[in-house]
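Chain residues, written in single-letter form:
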Amino acid sequence: MQITYHGHSCLSLVVANERIMIDPFITGNPLSDLTVEDVRVDWLLITHGHGDHIGDMIQLAKNNDAVIIGSAEIATYAQNQGVRAHGMNIGGTYTFPFGKVKMVYAQHSSGYTVDGVTHYMGEAAGYILESEGVTIYHAGDTAYYSDMQLIGEDFSIDCAFLPIGDNYTMGISDAVRAVKSIQAKKVIPIHYNTFEEIKQNPEDFTKRLAGKGYVMRSGETMEV
Ligand code: NI
Ligand code: MN
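Residues numbered from 1 in each chain as written. Chains lettered and ligands numbered in written order. Predicted model: local features only at pLDDT ≥ 70, side-chain atom pairs only at ≥ 80, totals over all residues. Heavy atoms only, no water.

(A) Quick look at the packing of aromatic side chains. Inspection of the entire model under this criterion finds seven aromatic pairs. Both rings, one in Tyr-105 and one in Tyr-145, keep their centres 4.9 Å apart while their planes meet at 80°; by these two values the pair is edge-to-face. On the criterion of sequence distance, the pair formed by Tyr-105 in strand β8 (residues 99–105) and Tyr-145 in the loop between β12 (134–138) and α4 (148–154) is long-range, its members being 40 residues apart. For Tyr-145, a relative accessible area of 10% translates into the label buried. One aromatic cluster is present, formed by Trp-43, Tyr-94, Phe-96 and Phe-98 through successive ring pairs. The side chain of Lys-186 reaches across the aromatic face of Tyr-214, ending 5.7 Å from its centre. (Phe/Tyr/Trp six-rings, centres within 6.5 Å; stacked < 30°, edge-to-face > 60°. Helix = DSSP H or I, 4+ residues; strand = E, 2+ residues; numbered from the N terminus. Buried < 20%, exposed > 50% of the residue type's maximum accessible area, 1.4 Å probe, protein only. Lys NZ or Arg CZ within 6 Å of the ring centre and 35° of its normal.)

(B) A look at the coordination of the nickel ion (ligand 1). Within the first shell, the nickel ion (ligand 1) binds the protein through His-48 (NE2), His-50 (ND1), His-108 (NE2) and Asp-141 (OD), at distances of 2.2 to 2.3 Å. Coordination geometry of the nickel ion (ligand 1): the four donor atoms subtend angles of 90 to 174° at the metal centre, consistent with an arrangement described as irregular. Along the chain, the residues that donate to the nickel ion (ligand 1) are spaced as H-x1-H-x57-H-x32-D. When its relative accessible area of 2% is taken as the criterion, Asp-141 is described as buried. (Donors = N, O, S within 2.8 Å, 3.2 Å for Na, K, Ca; no water. Tetrahedral: all angles 85-135°; square planar, octahedral: opposite > 155°, others 65-115°.)

(C) Inspection of the nonpolar core at higher detail. Counting 54 residues, the largest nonpolar core has Tyr-137, Phe-161 and Leu-162 as its most contacted members. Considering each element in turn, this core owes the most residues, six residues, to helix α5 (residues 172–182). Dropping the residues within four chain positions of it, Tyr-137 is found in contact with Val-104, Tyr-127, Ile-128, Tyr-145, Met-148, Ile-151, Ile-157, Cys-159, Ala-160, Phe-161, Leu-162 and Ile-182. Counting 23 residues, the second largest nonpolar core, distinct from the first, contains Ile-54, Ile-58, Ala-66 and Ile-74. (Core = buried A, V, L, I, M, F, W, Y, C linked by side-chain atoms within 4.5 Å. Contact = heavy atoms within 4.5 Å.)

(D) Main features of the sheet that holds strand β5 (residues 67–71). Pairing in this open sheet of seven strands is mixed, and the strands run β6-β5-β4-β3-β2-β1-β15 from one edge to the other. Two strands bound the open sheet, and with one partner strand each, they are β6 (84–88) and β15 (221–223). Geometrically, the sheet is characterised by an average inter-axis angle of 20° between neighbouring strands, direction not taken into account. Pairing of strand β1 (residues 2–5) with strand β2 (residues 11–15), which is carried by four bridges, proceeds in the antiparallel orientation. Directly across from Thr-4, in β2, lies its bridge partner Ser-12. (Pairing = 2+ DSSP bridges. Axes fitted to C-alpha atoms, helices over the stretch in contact; angles between N-to-C directions.)

Listed below in structure tokens is the structure:
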């Protein structure tokens, strides 16, 4: 699986001859290395309804005829905008052409504000994706919660993407605790330094992970 980080919580994956993007926040993301027009994508995986995660999903879905995967509420919203979508909910697993996706709990909120009106977008979530023998976990926005232990018990996570920015999500200390629960082989910090309120030094996190932590720069690609 080829994974590229695009700043904030945005990742693009290439696996099983499919192109997937998670939380496609490009417009307004000061850390993004992308332009919306240049992105080619087949599937858009959305963790929750906040603007810094929904991002450019509608435009990208229109440009590429891509399918949006998200909560049932996000899927309905997307379909009402005239694009294709597949709704899921917490605890559910579905096998897509690119691999098997489980939507897992995230301790967070999920509303999307359009023209000053906030729409309910279902529960916030994280995703576990298994494809071609590789398992990754994108936690979305979440606080630490002790049931992360169950993710560690049920899956052998090769690479986990965890928010460390604090203020809106867990900060570094709780993220270190999350790593102990999840027992991922490799851990990448996300959701930091995009805005003033989530400024962090990611090395303060990775140096506490006994060699498992790695800081990806925006635009950097790795093979997992
Ligand atoms: Ni959020
Ligand atoms: Mn966020």
